[in-house]
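# Fold and geometry: a report
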Amino acid sequence: MTITVEKLTRSFGEIQAVKGIDLQVERGETFGFLGPNGAGKSTTIKMLCTLLHPTSGRAWINGYDIERESPQVRQSIGIVFQDPTLDEYLTAEQNLYYHCMVYHTPHKTRATRIREVLQLVGLEERSKDVVKTFSGGMKRRLEVARGLLHEPQILFLDEPTVGLDPQTRRSVWEHVLRLRERTGLTIFMTTHYMEEAEYCDRIAIIDHGRIIALDTPTALKRMVSQDQVSLTTSSPERASTILEQHLGQPVLREQDTIYAEGDNGQALAANAIRQLALADIDVRSVNVTVPTLEDVFVHLTGQAIRDESASTKDRMGARLRSRGRLRR
């Protein structure tokens, strides 16, 4: 394991921000750490990166104890912080050279390492350019390059694409994931973008200082909800009766729309269309939605990770379950 955490806690006076968490991260894994503001995720990351001492409990990074062997921990990790930390009046190459000095990279290998990491993030042709001329995405890629200069085994990414547009976020992540494939790097990340969390092999959700769920994205989504099929027909009342009889599961009719849930939304939709066709009922529209990590987050923490209202899917699923008719 590259990260092992046992009963880790951190208190600030009478406030216990982290309450005895346990987790393990495997080598080469992309691990997501999600939670609402104030849940304890930033405090946890600061302890793992040796920026904050734990109140109790222990953790090891690449086999090094975060308290007893903090210099070795720092040498074996790279960090990309949420807030930009580049000197925009220096060139990309100069920013990296300064980092090499901080980490005591041997002088004879500095130029080679700088060239290698710039190539990894696709910035080798901009090495002599002043950073203030870079786009937001290029700056984040340069920060990733800086975090890799000393060849760490783990890269911590704390909200690495916050404030970037969707296209730029996607570009940054394409580079990060290629890095993982090429180097076997372990990635430990936090994010507020649920589409980014889908890149993770596993996700831990922390709330009120405790880890309340830890699993793969697929398993987490299946734990919370099923796929949902919504369709409109020429005869909604009759269609809902037929579907309940032939599908062997509950449906919900809201005006002209019928809703049903199942483990395989595509198969459920195909079966529903077939049954209605046999009954000479025209299907005017059909839509299949699948559970999202946002649904998981809302279900487990009671709030959205972003300020959004509950989706139609959330409301319909809740109403089906409240009727006590949804089969699990």
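Just above, that's the structure.
Rules of the game
- Residues numbered from 1 in each chain as written.
- Predicted model: local features only at pLDDT ≥ 70, side-chain atom pairs only at ≥ 80, totals over all residues.
- Heavy atoms only, no water.
- Pairing = 2+ DSSP bridges.
- Helix = DSSP H or I, 4+ residues; strand = E, 2+ residues; numbered from the N terminus.
- Axes fitted to C-alpha atoms, helices over the stretch in contact; angles between N-to-C directions.
- Salt bridge = Lys/Arg side-chain N within 4 Å of Asp/Glu carboxyl O.
- Buried < 20%, exposed > 50% of the residue type's maximum accessible area, 1.4 Å probe, protein only.

An order of β6-β7-β8-β3-β9-β10 is seen for the 6 strands of this open sheet, with the pairing classed as mixed. Only two strands of the sheet have a single neighbouring strand rather than two, namely β6 (77-80) and β10 (210-215). Averaged over neighbouring strand pairs, the angle between their axes works out to 15 degrees when direction is ignored. Taken together, the 3 bridges between strand β3 (residues 30-34) and strand β8 (residues 186-190) define a ladder with parallel strand orientation. Within the sheet, the bridge partner assigned to G32 lies in β8 and is M189.

Turning to the pairing of strand β4 (residues 56-61), a few remarks are in order. Pairing geometry for strand β1 (residues 3-12) and β4, over 5 bridges, is antiparallel. When the sheet's bridge partners are listed, T4 is paired in β4 with W60. Here β4 pairs with strand β5 (residues 64-65) via 2 bridges, running antiparallel. Of the residues in β5, the one forming a bridge with I61 is Y64.

A word on the pattern of salt bridges. A full pass over the atoms with the stated rule returns 15 salt bridges. The closest approach of N and O atoms between K128 and E93, which form a salt bridge, is 2.7 Å. Taken together, the residues K128 in the loop between α4 (107-120) and α5 (136-148) and E93 in helix α3 (residues 92-102) connect sequence positions 35 residues apart. According to the relative accessible area criterion, K128 is exposed, its value standing at 58%. E93 gets classed as partly exposed once you look at its relative accessible area, which sits at 27%. A salt bridge links E195 to R169; its shortest N-O distance comes to 2.5 Å. Of the two residues, E195 is situated in helix α7 (residues 194-197) and R169 in helix α6 (residues 166-183); the sequence distance between them amounts to 26 residues. Via salt bridges that share partners, R58, D65 and R68 belong to a single interconnected network.

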